[in-house]
Every structure is written in structure tokens, then in C-alpha cells.
Amino acid sequence: MSEHFIGLDVSTTASKAVAIDASGAVVATASHDHQLDTPRPLWSEQDPAEWWRASCASLRQVAREVPQGSIAALGLTGQMHGLTALDTRDEPLRPAILWNDQRSAAECEAITEAIGAERLYRLIGSRIFPGFTAPKVAWLREHEPEIYQRIAQVLLPKDYVRFLLSGERVTDVADGSGMALMDIGARDWSAEMLDALAIPRDWLPALAESQEVCAEVSPGGAAATGLPVGTRIVGGAGDQPAGGVGSGVVSAGQLSLAMGTSGVAYAINDRYEPEPQGRLHTFCGPIPGTWFSMGVMLSAAGGLRWLRDALAPDREFDELGALAEAVPPGAEGLLFAPWLSGERHPHPDPLARGAFVGLTLRHDLGHMVRAVMEGVAFGIRESLELLQAQGLDPSDAVIQGGAANSPLWRQLTTDIMDLPLYRVNTSEGAAFGAAILAAVGAGAYPDISAACGAMVQRLDESLPQPELVARYRDIYPVYRRLYPSLEPLFHKLAQLDA
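Residues numbered from 1 in each chain as written. Predicted model: local features only at pLDDT ≥ 70, side-chain atom pairs only at ≥ 80, totals over all residues. Heavy atoms only, no water.

1. Points about a negative patch on the surface
Basically, it comes down to this: Grouping into patches uses exposed residues only, defined as over 30% relative accessible area, and leaves out salt-bridged ones; the cut-off is 9 Å for like charges and 5 Å for nonpolar side chains (Val, Leu, Ile, Met, Phe, Trp, Tyr). The protein chains shown are the only cover counted for residues, whose accessible areas, like all others here, come from Shrake-Rupley with a 1.4 Å probe. Should a side-chain nitrogen of Lys or Arg be within 4 Å of a carboxyl oxygen of Asp or Glu, the pair is scored as a salt bridge. Here the positive residues are Lys and Arg and the negative ones are Asp and Glu; neither His nor the chain ends is included. Lysine's charge is taken at NZ, arginine's at CZ, aspartate's at CG and glutamate's at CD. Counting from the N terminus, the helices are DSSP H or I runs at least four residues long and the strands are E runs at least two residues long. Each residue's exposure class comes from its accessible area (1.4 Å probe, protein chains only) as a fraction of the maximum for that residue type: buried when under 20%, exposed when over 50%, partly exposed otherwise.
A cluster of like negative charges, contributed by Asp314, Glu316, Asp318 and Glu319, occupies part of the molecular surface. Mapped onto the secondary structure, aspartate 314 falls in the loop between helix H11 (301-311) and helix H12 (317-325). The exposed category is assigned to aspartate 314, whose relative accessible area is 63%.

2. Description of the pattern of salt bridges
As enumerated under the stated definition, the model contains 28 salt bridges in all. Two residues, aspartate 172 and lysine 158, come together in a salt bridge whose shortest N-O distance is 2.6 Å. Of this pair, aspartate 172 sits in strand E9 (residues 170-172) while lysine 158 sits in helix H6 (residues 157-166), placing them 14 residues apart in sequence. Neither residue differs from the other here; aspartate 172 and lysine 158 are each classed as buried.

3. Description of the side chain of threonine 12
Threshold: Any pair of nitrogen or oxygen atoms within 3.5 Å is treated as a polar contact; in protein, a donor-acceptor pairing is required on top of that, and neighbouring residues in sequence qualify only through side-chain atoms on both sides. Contacts are residue-level and defined by heavy atoms, with any inter-residue pair within 4.5 Å sufficient.
Its location among the elements puts threonine 12 in the loop between strand E1 (4-10) and strand E2 (14-21). By relative accessible area, threonine 12 is classed as buried at 13%. Separated by 2.7 Å, the side chains of threonine 12 and tryptophan 99 make a polar contact. Aside from chain neighbours lying at most four places away, what touches threonine 12 is His34, Leu36, Gln46, Gln79, Leu98 and Trp99.

4. Some details on the packing of aromatic side chains
In plain terms, the rule: In this scheme Phe, Tyr and Trp rings, the latter by its six-membered ring, pair at centre separations within 6.5 Å, and the angle between planes marks the pair as stacked below 30 degrees, edge-to-face above 60, and tilted otherwise. The criterion is that NZ of a Lys, or CZ of an Arg, lies within 6 Å of the ring centre and within 35 degrees of the ring normal, and then a charge sits over that ring.
The full count for this structure, using the stated rule, is 18 aromatic pairs. Relative to phenylalanine 292, the ring of phenylalanine 283 lies with its centre 5.9 Å away and its plane at 90 degrees, an arrangement referred to as edge-to-face. Relative to tyrosine 472, the ring of phenylalanine 378 has its centre 6.0 Å away and its plane inclined at 75 degrees; by these criteria the two rings are edge-to-face. Placement of phenylalanine 378 in helix H13 (residues 365-389) and of tyrosine 472 in helix H17 (residues 466-480) is noted, with a sequence separation of 94 residues between them. Just as phenylalanine 378 is buried, tyrosine 472 falls in that class too. Clustering of aromatic rings is evident, with ring pairs tying together Trp339, Phe378, Tyr472, Tyr476, Tyr479, Tyr483 and Phe490. One residue, arginine 381, lies across the ring of tyrosine 476, its end atom 3.9 Å from the ring centre. Between arginine 458 and the ring centre of tyrosine 422, over which it is positioned, the NZ or CZ distance is 3.8 Å.

5. Quick notes on empty space enclosed by the protein
In plain terms, the rule: Points on a 1 Å grid, built from protein atoms alone, make a cavity when a 1.4 Å probe fits but cannot get out and make a pocket when they are open with protein on both sides within 12 Å along at least 5 of 7 lines; residues with an atom within 4 Å of a point are the lining residues. Grid points are joined across faces, edges and corners, and a volume is the space filled by probe spheres set on the points. The residue classification treats Ala, Val, Leu, Ile, Met, Phe, Trp, Tyr, Cys and Pro as nonpolar and Asp, Glu, Lys and Arg as charged. All others, Gly included, are polar.
One pass over the structure, following the stated rule, counts one cavity of 30 Å³ or more. Of the voids in this model, the largest cavity is the one considered here, and its volume is about 40 Å³. Lining the largest cavity we find Gln102, Phe129, Pro130, Gly131, Leu298, Glu343, Arg344, Pro348, Asp349 and Pro350. Of the residues assigned to the lining of the largest cavity, the class counts are five nonpolar, two polar and three charged.

6. Focus on the layout of surface pockets
Gaps left between atoms show up when a probe the size of a water molecule is rolled over them. Here the second largest pocket is characterised by a volume of approximately 280 Å³. Contributing to the lining of the second largest pocket are 14 residues, with Cys108, Thr112, Arg127, Ile128 and Pro348 lying nearest its centre. Looking at the lining of the second largest pocket, the elements that each hand over two or more residues are helix H2 (105-115) and helix H3 (117-124). The biggest single contributor to the lining of the second largest pocket is H2, with four residues.

7. Concerning H13
Formally: In this analysis, the expected span of each helix is defined as 1.5 Å times one less than the number of residues it contains.
Between its terminal C-alpha atoms H13 stretches 37 Å, which fits the 36 Å expected from 25 residues at 1.5 Å a residue. Of all 25 residues in H13, 21 are buried, a share of seventy percent or more. Where H13 starts, the residue carrying a side-chain oxygen 3.1 Å from the main-chain nitrogen of glycine 366 turns out to be aspartate 364. Positive phi shows up at glycine 391, right after H13, with a value of about 110 degrees.

8. Things to note about the packing of helix H1 (residues 48-65) against H6
Applied cut-off: Helix axes use the C-alpha atoms of the stretch in contact, all axes being lines fitted to C-alpha atoms, and the angles between their N-to-C directions lie in the range 0 to 180 degrees. Note on convention: the crossing is left-handed when the near helix lies turned anticlockwise from the far helix by less than a right angle, right-handed when the turn is clockwise.
H6 packs onto H1 with a crossing angle of 65 degrees between their chain directions and a minimal axis gap of 10 Å. Note on packing geometry: the crossing formed by H1 with H6 is right-handed. Counting all contacts with H1, which are made through Pro48, Trp51, Trp52, Ser55 and Leu59, the residues of H6 involved are Pro157, Tyr160, Val161, Leu164 and Leu165. For the contact of H1 with H6, a count of residues per class yields nine nonpolar, one polar and no charged.

If you want it as C-alpha cells, here you go:
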């Protein structure tokens, strides 16, 4: 009987399970949604019970669709940075604080001042942002001390699901990197960070490499999910490094552009080399002995969903794309600033806001849709330029996420980047990458590179159109002036809102 490998993605919006065989063919998928709460401006929370409920439902469905006894291993991935605080009974103390939550800006400033900006980003591979786990712990200590005093364990979202599946408290080094509590070069927890934040080491899980078998499905986990008792569970990875594996980006010089809810320009390196000013995240890679750098914008394809939900909830995304296709490049002078959730790169500002700039009576919904698509692509280009300044010289890039499904959005991104873009043979993204890691952990392939070489194939390619490359080259400098021009107003508006 052929073996099957499952990847589970505990994302912001849903828990999605994907089962693949040893060739990489997808044989079953299932997804169940999560509820998201925004109890205050800049806050983003989820009940961890949502992850478990949705994960169990997705795993049960996939387990029924593969031959009995064929499941060899499970890989986990999911949203990064989220703070899940447990008490001594292993119960969540409060809703999890998510990656896009912006409440802990003051704590980030205090941590940076205490450690020193340069020392900090050399240590944790990045400037520290409110989305990271460490400042959220500091926020709890300051604002919810009764909760803080009862903390016995801190886990990331996917690792809370792992704990319920297996009883093991483990995270992988790629996802653990985003907690801002690791020495990234050493691939281990940082005593300096833990001391500075007064976080006990025993609050934190064990660390594993992404393909390493680190747990097994327990009888309780089996009863809840339909997986066999003893099914091996590998370390897995956060959604971005797992998505890199799932798209075959596993070697130095390769580039991935992920344009889902958030937007990421992602590249692998075989040495630890943080961006000199900390303007990228440089974290432990999903392959032992590698690191990855990524520029992150907090709202990418999520911006188009916002526009649709706010102005045209009865329209399908294909209809919106058709409206935008009738609009010329540049949207007749309309620009969109895509910072609907604050921003990370290259503008580390939790108070940044979205904006349409240049609206006239001539503009309609189609212009706004095109401006959103172009604004997101311009934002990703800013992160790409930071990677290029680090020495990355890609000849092309893989594009993935919701934007990759739109021919128009794919093409205008190609033209804005002036870089050929291609898709791969799966749209399952991070879950597919987690399943590949499970296959390696189970011994189906000797390493991750070999597995990706066999399982990931290139599909269609979009090529830059010289006349549109030139058009966007003229518009891009105007886009780059939006943030410095609007930044004082963003902060004034935040004061008024407070």
C-alpha cells in the first residue's frame, strides 16, 4: 500500500488539511473556517478552540478519504507569531493575540531601548514588531497582570494544535524564530532575550527542525481526528517558510512572492545575514543549516477582500477583475496605499493606514479595484528591493496566494516587478509544504530539496511587457512618496481615534 502524508495549515481564516502521496499528487483536501475577533481598533484575536474544532473536522474528513492504514506522517504549519497562553491545567487563559494585532507598539519600543536596536536585530533577525510574540507577553504583564501571573506555557497557534494531538510541547525553529525570543544564528532560545523580558525558559516549548519527527498522535488525538494512534508528527514550519517549501523555493537565489491575506517576498540563504538595518525578517530556514529573509506587508490580497466586502459584497472576485481589466494601467491617476492593518516592511509602523489618493469623479469601482491590485504589487516591490540590496539576483520568481489566481493581477505584478513570474502545480501552499516536510520526516525522501524536486513542478509563466514596465516605472516613485507624505497624518488620526 502506498503511503500518504498530511499537511495541516492552521491559518488565520481556516484550518486546512491536505493529503498527498509520495509523488506529490493531492488526493484529499478539507477546510473549515475560523472566527476572527477584533474587539478594539488595532486588536486581532481568536479563540484557540476554533483552531482545534476546525483542525479536527478537516483531519477527520481527509482521513476518511485516504486508504485506511496508509497515513505515514503529519506536518503542521500555520499563522506565525500568535500568542497562546496556557495555565497550569493546559487551558487557554484568554483569546490568542494574533500576528496582525498592533496593540503592543509601546512594548516594542521599550524592548528595543532595553537591548539596543542594532543588538536586537542582530539577535532576533529583525526589528521587533507588535505582531511578534514577545511584545505581546510584555503587554499582558503590563495590561492584564492577573492573566500574566497565571501563565505556565506559551505556544504558537499550530503548536497548540500539536499539543492537543500529541501531548507534546514543541515548535520548529522556523516558526519559533518569529516569537522574537530566539538567537537566530544559533537556532536556539536566547537567554539574553528571556532575561530581558523576564520570561521563564520553562514557558517555552522544545525546538525541532522542520522535517524532524518530534511527536506522535496520542489516543486522545486519534479519537478526535481519525488519525491512527502513533502517526508521526514532524516539526513543520510557519506558513511562510512552509509555503516556500510548497512552491519549491529551497535554494539560495530562489524567490517567492506570496500574495495572500498578507504579502511576502521570501528568499533562502545558506548563511545568517540579517539586513543591516533590520528592515527584513531573517529567520531560521525550514531546511537545517539555512535561513530565510522575507519582507512582509500585512495586507495584500486581503485588501481586495476588504474592498469587495465594503463596496460590492454581491460581486464575485472574477467580476471585479473584469472591471479592473477595462481600466488602463495606473488607474487613470488613482493610487492605493495598502496599509490597512498597519505595516512592517519597509515602513515599520503599526499606525499606518490605507488610503486612496487621487480620487476624482471619473473614478469608479473598476478603478479602485485596479488601484488596489497595483498598490499591493508596488508594496511587494519595495520588499523585493530590500532583498536585492542583500545580493539576491533572481532570474524569475514563483507567485502564490490569492492574487496568483487572477490573470490580471499576476500580469501587472510581473510588469511592476520587471521579473518573470511562474506558478507551480499546486495551489495548496503552506499545507502542501507541510505535507512535503512530513514525507521527508517519514523517510520517503532523503531531504527536502530532493522531495521538492520530485513533487513541485513549474507551470505557466508571465513575462514582463516592456511598454507596461516603462509605465509602471514612472508611477512607482509617486507611490513611494505616499508613506512619507501621509505618515504624520496617520499618527495624528491615531491620536484622535484614541
